[in-house]
Amino acid sequence: SVPHWESRGWYVVAAAAELGHAEGLVDASPDVEPDVDFGFYGKMTWRRSAMLDRLKNVMRIEPLDVPREKRDQMMRRCKVVVQILAEQTPAGVPCGMVSSTRCATALCFGRPVIAEPHPEPWPWDDVVDFFPTIEAFYENAVIATRMWRDLHASQIERFAAKLNPEFCVGAP
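Residues numbered from 1 in each chain as written. Predicted model: local features only at pLDDT ≥ 70, side-chain atom pairs only at ≥ 80, totals over all residues. Heavy atoms only, no water.

1. Looking at the overall build of the chain
Here is step 1 of the chain: When its secondary structure is counted, the chain shows six helices and seven strands.
Here is step 2 of the chain: Starting at the N terminus and walking to the C terminus, you meet the elements of the chain as β-α-β-α-β-β-β-α-β-β-α-α-α.
Here is step 3 of the chain: Burial analysis of the chain (172 residues in total) assigns 42% to the buried set.
Here is step 4 of the chain: Sequence separation of 24 or more characterises 66% of the internal contacts of the chain that already satisfy a separation of 6 or more.
Here is step 5 of the chain: Of the roughly 9,100 Å² of accessible surface on the chain, 58% is carried by carbon and sulfur atoms. (Helix = DSSP H or I, 4+ residues; strand = E, 2+ residues; numbered from the N terminus. Buried < 20%, exposed > 50% of the residue type's maximum accessible area, 1.4 Å probe, protein only. Contact = heavy atoms within 4.5 Å. Areas by Shrake-Rupley, 256 points an atom, 1.4 Å probe, with all protein chains shown as cover.)

2. Section: the packing of helix α3 (residues 100-108) against helix α5 (residues 148-162)
Here is step 1 of the chain: Between α3 and α5, the shortest axis-to-axis distance is 10 Å and the interhelical angle comes to 120°. Classified by chirality, the crossing of α5 by α3 is left-handed. Every residue of α5 that contacts α3 at A104, L107 and C108 is listed here: H152, Q155, I156 and F159.
Here is step 2 of the chain: Looking at side-chain class alone, the contact of α3 with α5 contains five nonpolar, two polar and no charged residues. (Axes fitted to C-alpha atoms, helices over the stretch in contact; angles between N-to-C directions. Left-handed = near helix turned anticlockwise from the far one by under 90°. Nonpolar A, V, L, I, M, F, W, Y, C, P; charged D, E, K, R; others polar.)

3. As for the pattern of salt bridges
Here is step 1 of the chain: For the structure shown, the criterion picks out twelve salt bridges.
Here is step 2 of the chain: Here R47 makes a salt bridge to E116, at a shortest N to O gap of 2.7 Å. Remark: E116 occurs in the loop between β6 (113-115) and β7 (129-130) and R47 occurs in helix α1 (residues 46-55); sequence separation between them is 69 residues.
Here is step 3 of the chain: Here the salt bridges share partners, and the residues they tie into one network are R68, E69, R71 and D72. (Salt bridge = Lys/Arg side-chain N within 4 Å of Asp/Glu carboxyl O.)

4. Quick look at the layout of surface pockets
Here is step 1 of the chain: In this structure, the largest pocket spans a volume of roughly 290 Å³.
Here is step 2 of the chain: Lining of the largest pocket is provided by 17 residues; of these, L25, R68, D72, T105 and C108 occupy positions nearest its centre.
Here is step 3 of the chain: Looking at the lining of the largest pocket, the elements that each hand over two or more residues are α2 (68-75) and α3.
Here is step 4 of the chain: Residue contributions to the lining of the largest pocket peak at five residues, all from α2.
Here is step 5 of the chain: Its residues placed into classes, the lining of the largest pocket shows six nonpolar, five polar and six charged. (1 Å grid on protein atoms, 1.4 Å probe; cavity = no way out; pocket = protein on both sides within 12 Å on 5 of 7 lines; lining within 4 Å. Points joined across faces, edges and corners; volume = space filled by probe spheres on them.)

5. Observations concerning the nonpolar core
Here is step 1 of the chain: Ranked by size, the top nonpolar core spans 24 residues in total, and within it Y41, M75, L107, W124, V127, V128 and F159 carry the most contacts.
Here is step 2 of the chain: Elements with a minimum of two residues in this core: β1 (36-41), β2 (58-61), β3 (78-83), α3, β6 and α5.
Here is step 3 of the chain: Broken down by element, the residue count for this core peaks at five residues, all from α3.
Here is step 4 of the chain: For L107, the residues in contact, after removing those within four places along its chain, are P112, W124, V127, V128, H152, Q155, I156 and F159.
Here is step 5 of the chain: Formed by 17 residues, the second largest nonpolar core is a distinct cluster that contains L52, I114, F131 and A141. (Core = buried A, V, L, I, M, F, W, Y, C linked by side-chain atoms within 4.5 Å.)

6. With respect to the packing of α1 against helix α4 (residues 134-146)
Any two packed helices are characterised by the angle at which their axes cross and by the distance between the axes.
Here is step 1 of the chain: Where α1 meets α4, the axes come as close as 11 Å, and the angle between the chain directions of the two elements is 40°. As the angle between them shows, α1 and α4 are arranged oblique. Here α1 runs over α4; the crossing is right-handed. Of α4, the residues touching α1 (which contributes R47, M51, R54 and L55) are I134, E135, F137, Y138 and A141.
Here is step 2 of the chain: Partitioned by chemical class, the residues of the contact of α1 with α4 number six nonpolar, no polar and three charged. (Parallel < 35°, antiparallel > 145°, perpendicular 65-115°, else oblique.)

The following block contains the structure:
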């Protein structure tokens with residue numbers, strides 16, 4: 001989805017839809033005790049790799065063709081899933097959008113999401129935890145690993161309330 005559901009140069013949104021909460025997608029299988037602090041899945045870029053290196057104790061799933069069940073099983077070994085922007089501008093300003101897929105799936109398989117500052121965090125800014133600076137992201141990442149269960153409980157509650165089907169799809 002495109003933030004604010006608007007035109008982006010050559011791309012014009014044909015329908016307003018956001019990935020959101022659906023009770024049927026929440027994984028109710030027994031939880032595993034995580035043995036890894038952080039998880040990341042998605043396209044790997046030099047920027048993401050450098051940020052993940054700084055976090056330490058990170059499980060990375062880089063191939064985009066890992067089956068969903070396997071990805072979710074692997075990521076459940078992690079306490080926290082991180083949302084990191086892929087690139088930055090030549091001036092050093094991060095650019096890009098929040099991965100709705102990463103946030104929604106992490107919450108559905110039982111893990112909270114923490115994110116570095118994003119230029120356009122809406123509508124996820126009311127659901128997952130965005131930090132105002134990259135340094136604050138790193139500082140709070142360690143804290144998040146200690147309270148990941150409570151953090152997830154609060155995020156999944158906000159996810160269900162904010163990104164419900166009425167908000168995401170609206171009236172037909």
